[in-house]
Amino acid sequence: MNIPSVYDPKQVEEKWYEHWEKEGFFHSEPDQREAYSIVIPPPNVTGVLHMGHMLNNTIQDVLIRRARMQGKNACWVPGTDHASIATENKVIGMLAEQGIRKEDIGREKFLEHAWEWKEKYGGIILKQLRKLGASCDWERTRFTMEEDLSQAVQETFVELYNKGLIYRGARMVNWDPERLTAVSDEEVIYEEVESKLYHVRYPIQGTDEFVTIATTRPETILADTAICVNPEDERYQHLIGKTAVVPMVNREIPIIADEYVTMEFGTGCLKVTPAHDENDYNLGIKHNLEVIDIIDDHGKLNEKAGFFIGEDRFDARDLMAKELDKLGLLAKVEGYQNKVGLSERSKAVIEPKLSTQWFCKMKDLAGPALESVLSGDIQFHPKKFENVYRHWLENVQDWCISRQLWWGQQIPAYYAPDGSYAVALTAEEALTKLQEKNPELTLDQIRQDDDVVDTWFSSWLWPISVFDGFKDPNNADYNYYYPTSTLVTGHDIIFFWVARMIMAGIEFKGKIPFKDVYFTGMVRDKQRRKMSKSLGNSPDALELIEKYGADGVRVGLLMSSPAGGDLLFDNSLCEQGSKFANKIWNALRLIRGWEVTDEREQSVAVKQANEWFDSRFNEVLNEVNQQFDQFRLSEALTAIYRLIWTDFCSWYLECIKPGYQQPIDRASYNQAIEQLEKCMRLLHPFMPFLTEEVWHQITDRENQDCVVINAWPEAGPVNEELNKHFAAMTDVTSEIRTFRKKQNLASHKPLSLFVKADKLPEVNELLAKLNNLETMEAQSESPEKAFTFVSGALEYAIPMEGAVDLEAELAKIESELGYARGFLKSVEKKLSNERFVQNAPEQVVASERKKQADAQAKIEALEAQMASLKK
């Protein structure tokens, strides 16, 4: 035997991954088998492996490896997302280090730098996924900005525009004043901050009255166009229909009534600023209010403000407060905690801003997407997310799809000098449309829209475009792999990506994009805090792999990761996975270290052990298959873990191992190898590297004979009666071993065992082998001077005479009885105190009563044991 004494993941993982790739085990081509396809949620091209990626991709790998072993044509398509804002930030930063501004070099040159950056750094995360063991079909790697996928984006934009589902208009958006672009809701991070709440008095026109309004943004007072109160608020009913005067600008604005205002919040009066708050904007549309936009794209006050022109919005806030105080209109200022939206990439405070952008109408797309889930065509795991999904789709708003960036798919709209525009795939097509109104227009007079589409507008096409379903709808890949089988993603992007992919699949292809969606939870620390660099609680994913091995990390992640539930991560979980790998390795070394003989026949005990383990394996396999069907991977792994650690290593190997320095018979050895192989096939999707190494250490195999492409086990019959008998036998064995430990009896010292029954229990040969029993008898009465115990419904006895020092044992029991009686007395004294019973918390009293019952039971058992010995 030439098996290393310690399992070393570093020596194994790179070797086997290179071998799997070289042999083409991960590559898939359409054939006659059932297809099982997964498309990776494309990580940002700027990204590096973090804990969320680790969890998500481990789950995908488990599913794809099992499908491959089941004989399905498994295809896992990898790729990256161009991530417009993130990548543009990276490139801008890189150029800034060279003293270059993107505006100075122009769009074309900037994009050259961006592509260079992407080629140099863009594939880092895909290389890192290999270290995790991700069995992606790397030959199929896609990128959302490659030519064919970008063409699909352009075509779908034009198609939706022609259907009236895309339009251009001025609406409220999230504006990043640092990057000068609209951003999606998903790209806004809300943080709790210490702010100030300014209480400002507004005069009521023609009276001596004032109304006081509380605001965190006094600079926007200059853009107020109404004051709103609740129509049921008796404090302000007499003011409805009157006008108030905006401080400083002295503009008269109406006092309106709307149930939107909460009477209990603040002063019950709301200043309405339609240009700088989304809710105010909606109120403005409803009540036909004037819209005054006083903040420019850079977050500075413009000419419409009338005051503080050119000042940054935050500087203007302080200046406004001082002026209001001078005018006697600042009632008070108090500390206030509120959530502020920050741009995920630039960290600038988001400015709600009225901006002319491109929008996609969502109502018509939402209906079929909702029905596909409610009807069960698409299954969510866990099912609870159906309600979240339904609520969003039933209240869906139009989607702002334009971004003021250069890195991304440029919007296919072309403008004439007079501001008219046409949407078309090429400038020539656009010119033809524009010439219908202006025949004199030439190609050099029109320009393409500078904006690009939102990154999500390309990724919502991902399941279709990766198989070239837009380029050639009749191609073999698209028709074979689409719809895909399973999507694995975080529930935090159920709206931004999952819902939109379903919309796109139905709208453009008339087919759902996937059949099952497995939602992962958030990876948090053991204090339930979100992982973040700023908190210092986010471990380096690659360092974890380096320390515990990829398999150890995979087990650590999955053991505590129920579908849709947050994972409370701790490094000890990975350590547990690493110890599991070592346990299996030691089991391999034990089996391979046995000397084998052809001169001995297999014992009855070993035959019973193999019959039991076959039955137990099939029982667990049925459970695991059921858990996979329900996407309960954590539970499936837990069942396999217990099967291997407890049933195989702790019991099966103990049952079959030969006596000290004795050889094992050939049949028993071969069966042990087969049982280990079955366990490795079952475990492989979860721990691919370890299982492949063990697979090849079990026996000499050809390079092509790898567990990665071996068959998933098939369940045979389950002998439930045998399983019950074996479980009973292990309970009795545990009792006997406890007895030996207490009596300091060596395992090689033979014992006798009596069973108070008409006949001996099943698997008695195993019971005798495991416990070194020289005799076993069934009789109606227990022998005198014996240690007795109950297991299940049977009473067992071990004769003490000749086995232990009776006097010493009696003294030991007497001592234990003394302690137990003293403890019981102290508890009963406490319970006899009426003040304690009446005044102590209910759970405290219940705890004391339990102590009383336990002590009484302990005393009874000790007294019975002493009586038996004294006989």
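Before reading further, recall that the structure is shown in the block above.
Residues numbered from 1 in each chain as written. Predicted model: local features only at pLDDT ≥ 70, side-chain atom pairs only at ≥ 80, totals over all residues. Heavy atoms only, no water.

### Considering the sheet that holds strand 18 (residues 413-415)
- A sheet is described by the order of its strands in space; here 3 strands give the open sequence 19-18-20, paired in antiparallel fashion. In this open sheet, the two edge strands, each paired with only one partner strand, are strand 19 (421-423) and strand 20 (447-448).
- Across 2 bridges, the pairing between strand 18 and strand 20 is antiparallel. Bridging from a neighbouring strand, Tyr415 pairs with Arg447 of strand 20.
- Running at roughly 130° to strand 19, helix 11 (residues 427-434) makes contact with strand 18 and strand 19 of the sheet. (Pairing = 2+ DSSP bridges. Helix = DSSP H or I, 4+ residues; strand = E, 2+ residues; numbered from the N terminus. Contact = heavy atoms within 4.5 Å. Axes fitted to C-alpha atoms, helices over the stretch in contact; angles between N-to-C directions.)

### Thoughts on a nonpolar patch on the surface
- Taken together, the side chains of Val48, Tyr121 and Ile124 make up a nonpolar region of the molecular surface, amounting to roughly 230 Å² of accessible area.
- Assignment of secondary structure puts Tyr121 in helix 4 (residues 102-121).
- Overall, the relative accessible area of 33% leaves Tyr121 in the partly exposed class. (Patch = residues over 30% accessible without salt bridge, like charges linked within 9 Å, V, L, I, M, F, W, Y side chains within 5 Å. Areas by Shrake-Rupley, 256 points an atom, 1.4 Å probe, with all protein chains shown as cover. Salt bridge = Lys/Arg side-chain N within 4 Å of Asp/Glu carboxyl O. Buried < 20%, exposed > 50% of the residue type's maximum accessible area, 1.4 Å probe, protein only.)

### What about the sheet that holds strand 31 (residues 794-799)?
- Strand order across the open sheet formed by 4 strands is 29-28-31-30, with mixed pairing between neighbours. The open sheet is flanked by strand 29 (773-779) and strand 30 (786-791), the only strands paired with a single partner. Going across the sheet, the axis of each strand differs from the next one's by a mean of 25°, ignoring polarity.
- Looking at chain direction, strand 28 (residues 751-756) and strand 29 are connected through 6 bridges and run parallel. Note that in strand 29 the partner of Leu753 across the bridge is Met776.

### Section: unusual backbone geometry
- Geometrically, the link from His381 to Pro382 is a cis peptide bond, its omega value of 0° lying close to zero.
- Mapped onto the elements of the fold, Pro382 is located in the loop between strand 15 (379-381) and helix 10 (385-394).
- Following Tyr482, the chain continues to Pro483 via a peptide bond in cis, the omega torsion being 0°.
- Mapped onto the elements of the fold, Pro483 is located in the loop between helix 14 (476-481) and strand 22 (484-490).
- The backbone of Asn250 shows a phi angle near 55°, a positive value even though the residue is not glycine.
- Inspection of the secondary structure puts Asn250 in the loop between strand 10 (243-245) and strand 11 (252-257).
- What makes Asn250 exposed here is its relative accessible area of 57%.

### Some details on the packing of helix 3 (residues 84-97) against helix 4
- Relative orientation of the contacting elements helix 3 and helix 4 amounts to 110°, with a least axis distance of 10 Å. Comparing the axis directions of helix 3 and helix 4 gives the class roughly perpendicular. Seen along the crossing, helix 3 lies across helix 4 with a hand that is right-handed. Note on element contacts: helix 4 touches helix 3 through Lys102, Ile105, Phe110, His113, Ala114 and Trp117, opposite Thr87, Glu88, Lys90, Val91, Ile92, Met94 and Leu95. (Parallel < 35°, antiparallel > 145°, perpendicular 65-115°, else oblique. Left-handed = near helix turned anticlockwise from the far one by under 90°.)

### Some details on the side chain of Thr144
- Residue position: Thr144 is located in the loop between strand 4 (142-143) and helix 6 (147-162).
- Overall, Thr144 belongs to the buried group, its relative accessible area being 1%.
- A polar contact is formed between the side chain of Thr144 and the side chain of His82, at a distance of 2.6 Å. (Polar contact = N/O pair within 3.5 Å; in protein donor to acceptor, adjacent residues only side chain to side chain.)

### Let's talk about the packing of aromatic side chains
- Applying the stated rule across the entire model yields 46 aromatic pairs.
- Pairing Phe613 with Tyr652 gives two aromatic rings, centres 5.1 Å apart and planes at 35°, and the pair type is tilted. Residue Phe613 is located in helix 18 (residues 604-629), and its partner Tyr652 is located in helix 19 (residues 633-656); the two are separated by 39 residues in the primary sequence.
- Overall, the relative accessible area of 0% leaves Phe613 in the buried class.
- Residue classification places Tyr652 among the buried positions, given a relative accessible area of 0%.
- Three or more aromatic residues joined by ring pairs make a cluster, and in this case those are Phe157, Tyr161, Trp358, Trp399, Tyr415, Tyr421, Phe457, Trp460, Phe470 and Phe508.
- One residue, Lys509, lies across the ring of Tyr478, its end atom 5.4 Å from the ring centre.
- Taking NZ or CZ as reference, Lys678 lies 4.6 Å from the ring centre of Phe617, over its face. (Phe/Tyr/Trp six-rings, centres within 6.5 Å; stacked < 30°, edge-to-face > 60°. Lys NZ or Arg CZ within 6 Å of the ring centre and 35° of its normal.)

### Considering helix 9 (residues 363-374)
- For helix 9, with 12 residues, the first-to-last C-alpha span of 17 Å sits near the 16 Å given by 1.5 Å per residue.
- Within the sequence span of helix 9, burial applies to Leu365, Ala366, Ala369, Leu370, Ser372 and Val373. Burial along helix 9 is one-sided: seen end-on, the buried residues are contained in an arc of 155°. Residues Lys363 and Asp364 are exposed on helix 9 and point more than 90 degrees away from its buried face.
- Just downstream of helix 9, Gly376 is the residue with a positive phi angle, here 90°. (Expected span 1.5 Å × (residues − 1). Arc of directions from axis to C-beta.)

### Structural notes on the environment of Glu29
- Tracing the chain through its elements places Glu29 in the loop between helix 1 (9-23) and strand 1 (35-39).
- A relative accessible area of 44% places Glu29 in the partly exposed class.
- Spatially, the C-alpha atom of Glu29 lies 52 Å from that of Asn282, the residues being 253 residues apart in sequence.
- Within the local environment of Glu29, its side chain forms a polar contact with the side chain of His27, the two groups lying 2.7 Å apart.

### As for the state of the cysteines
- If you walk through the whole model with that rule in mind, you get 0 disulfides.
- Considering cysteine sulfurs only, Cys228 is the nearest to Cys269, which forms no disulfide, with 9.1 Å between them.
- A relative accessible area of 8% places Cys269 in the buried class.
- The cysteine Cys360 is free of any disulfide, with Cys400 supplying the nearest cysteine sulfur at 11 Å. (Disulfide = S-S within 2.5 Å.)

### Side note on the packing of helix 17 (residues 571-592) against helix 20 (residues 666-683)
- At their nearest, the axes of helix 17 and helix 20 sit 10 Å apart, and the two run at 160° to each other. The orientation of helix 17 relative to helix 20 falls into the category roughly antiparallel. Relative to helix 20, helix 17 is oriented so that their crossing is left-handed. Taken together, the residues of helix 20 that come into contact with helix 17 (itself represented by Phe580, Ile584, Leu588, Ile591 and Arg592) are Tyr669, Ala672, Ile673, Leu676, Met680 and Leu683.
- Among the residues making up the contact of helix 17 with helix 20, the classes are represented as 10 nonpolar, no polar and 1 charged. (Nonpolar A, V, L, I, M, F, W, Y, C, P; charged D, E, K, R; others polar.)

### Details of the side chain of Thr267
- Its location among the elements puts Thr267 in the loop between strand 11 and strand 12 (269-272).
- Given the relative accessible area of 14%, Thr267 is considered buried.
- Polar side-chain contacts of Thr267 include one of 2.7 Å to the backbone oxygen of Thr212.
- For Thr267, the contacting residues outside a window of four places in its chain are His199, Thr212, Ile213, Ala214, Arg235 and Tyr236.

### Observations regarding the pairing of strand 9 (residues 226-229)
- Side chains Ala226 and Cys228 project from strand 9 onto one buried face, and the interleaved Ile227 and Val229 project onto a second face that is buried too.
- Here strand 9 pairs with strand 12 via 4 bridges, running antiparallel. Among the inter-strand pairings, Ala226 is bridged to a residue of strand 12, identified as Val272.
- Of the pairings in the sheet, the one linking strand 9 to strand 11 comprises 3 bridges and is parallel in character. Looking across to strand 11, one finds that Cys228 is bridged to Ile256.

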